[in-house]
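Structure assessment
Here are the chains, one letter per residue:
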Amino acid sequence: MSTASSTESSSTEPSSTEPVAEAERPEDRASRAPGRFGALVDRFAPALGAYAVVKAIGLTVFLVLLEHTGDYLNKQVGRGGGAHAWDVLGTWDGIWYQRIAENGYDPQLIPLHGFPLATYYENSSAFFPLYPWLMRLVGAVTGLGPYGSGIVVSVLASLVAAAGIFAIAERLGGFRAGVIAAVIWGLFPGSGVEWAVYSDSLFVALSAWACYCVMTRRWLAAGLLALVAGLNRPTAAALIAAVSIAALVALVRRTDGVARPLTAMLITPWGLLGYVAWVGWRMGDWGGYFKLQRGAWNRYFDFGASTLRTIMDVITGHWDFWQSNPVPDLIAIALLIALPGLLVLLWRVRPPLVLWVYTALTIFTALSSNQIFGNISRYLLPAFPLFIGLAVALRRVRTSSLVGMFAMPVIAAGWYAGYALFELGIP
């Protein structure tokens, strides 16, 4: 797709220094299978199949490690513990989502005394409603409980996310790059939450397809997806900004008229703003959501001050900072070391503006907040364009070599993206 047609400042085609002679256009692949469904299967099945295999192996390793130690049996239910190994997938944030799916919300700011880092009791309204709504819907249809419904929603959403990542990578670097990108989505640090009772897979699914819609000039769909994403996570602000800026560029250039990009800009923020306003209204304090985040969970923007301090503590071997978790913290350091290289690979692909803005703001949000440092791997999981740059770089590697390269990460992901996150840290 040309620069003008995508309304972006940079081309959406691969760099001229890396021609993709063998790459097929999506419509060419679709024409090889009869019927619309057959075309979709022909296009997406390899990527989704590879992703599912990778995730299944990683999950198996995760459960084996849990059974090997048995530590989950001695931990509190909801805090890394449970009666069975698979119960761990519904702990931490997962237990809150299950409570919301069962009981709904009761937004309150209840003062808490005697704790230096907490001034309010934890309350479920810190968690956005889209994911538990879908859990309740799946439960009503299937009869599953909150845990089972949450797993179903996450697994299905992860496949939709893999399809969206594949579609974008295919457009930028060809079919082979798309398949590799879907695999990397299943192996990235933090990917252990993709098949857990967490909202991350749903958010990435919405974000990937919103960006794809911008790239293909489907402005109304992009705006609606960004609006819905705002009901899923507060970090949807990055997606809302990316879609809005891309729409503004389209308006200035008059490449897609006025009505569609303008409508996309106008509708994107209302999911996020609406939920935050509703929480504030119910609490009787319009800033209630942010007070709850800071006072109950110690989450707030500090422009990277806490991240920088923690990096210095980790690399110098000091583990006395708030919520220190040595193994996840070191994994976070490794990811931060790799981050500049991933950005360079993304730059070489010359992605459209919407991907750049979304990636930059996602990284900024992850690194500029006071949070649990070891969770940086999870906070960067939504920055899926980073996978695409790497995938395009690997597209020319022979399949046998790729299998060898990915064999150990596929197995190790059950540890670094699963066990380390849930049992050696707090995701």
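Report follows, based on the coordinates. (Residues numbered from 1 in each chain as written. Predicted model: local features only at pLDDT ≥ 70, side-chain atom pairs only at ≥ 80, totals over all residues. Heavy atoms only, no water.)

Digging into the packing of aromatic side chains
Two descriptors summarise a pair of aromatic rings, namely the distance from one centre to the other and the angle between the planes of the rings. To keep it simple, the criterion reads: In summary, the pairing rule links any two rings of Phe, Tyr or Trp, Trp by its six-membered ring, whose centres are within 6.5 Å, and it sorts them by plane angle into stacked for under 30 degrees, edge-to-face for over 60 and tilted for everything else. Secondary structure elements are defined from DSSP: runs of H or I of at least 4 residues count as helices, runs of E of at least 2 residues count as strands, and each element is numbered from the N terminus. Burial classification: accessible surface area is computed with a 1.4 Å probe over protein chains only, and a residue below 20% of its type maximum counts as buried, one above 50% as exposed, and the rest as partly exposed.
Considering all chains together, one arrives at 22 aromatic pairs under this definition. Relative to F166, the ring of F44 has its centre 5.4 Å away and its plane inclined at 65°; by these criteria the two rings are edge-to-face. Placement of the pair is F44 in helix α3 (residues 35–69) and F166 in helix α6 (residues 146–173), with a sequence separation of 122 residues. Neither F44 nor F166 differs from the other in exposure class; each is buried. Note on Y51 and W185: the rings are 6.3 Å apart at their centroids and 15° apart in plane angle, and the pair reads as stacked. Taken together, the positions of Y51 in helix α3 and W185 in helix α7 (residues 175–187) put the pair 134 residues apart, joining distant regions of the chain. Under the relative-accessibility criterion, Y51 is labelled buried at 0%. Looking at W185, the relative accessible area reads 0%, which means it is buried.

Considerations on the nonpolar core
This is how it is decided: Definition of nonpolar core: a set of buried residues of the types Ala, Val, Leu, Ile, Met, Phe, Trp, Tyr and Cys, connected through side-chain atoms within 4.5 Å. Contacts: residue pairs with any heavy atoms within 4.5 Å of one another.
Ranked by size, the top nonpolar core spans 131 residues in total, and within it I165, I168, W185, F384, F387, I388 and F422 carry the most contacts. Contact partners of F422, with chain neighbours within four places excluded, come to F62, G80, V88, L89, T91, W92, G192, V193, A196, Y198 and P427.

Thoughts on a nonpolar patch on the surface
Our working rule: Residues enter a patch when their relative accessible area is above 30% and they make no salt bridge; the linking distance is 9 Å between like charges and 5 Å between nonpolar side chains (Val, Leu, Ile, Met, Phe, Trp, Tyr). Values of accessible area rely on a 1.4 Å probe in the Shrake-Rupley scheme; residue burial ignores everything except the protein chains shown. Each salt bridge in this description consists of a side-chain nitrogen of Lys or Arg and a carboxyl oxygen of Asp or Glu lying within 4 Å of one another.
A cluster of nonpolar side chains, V53, I57, M408 and I411, forms an exposed patch at the surface whose accessible area comes to about 360 Å². Put simply, the parts of the chain that give the nonpolar patch at least two residues each are α3 and α19 (399–422). Note that M408 resides in helix α19. Judged by its relative accessible area of 55%, M408 is exposed.

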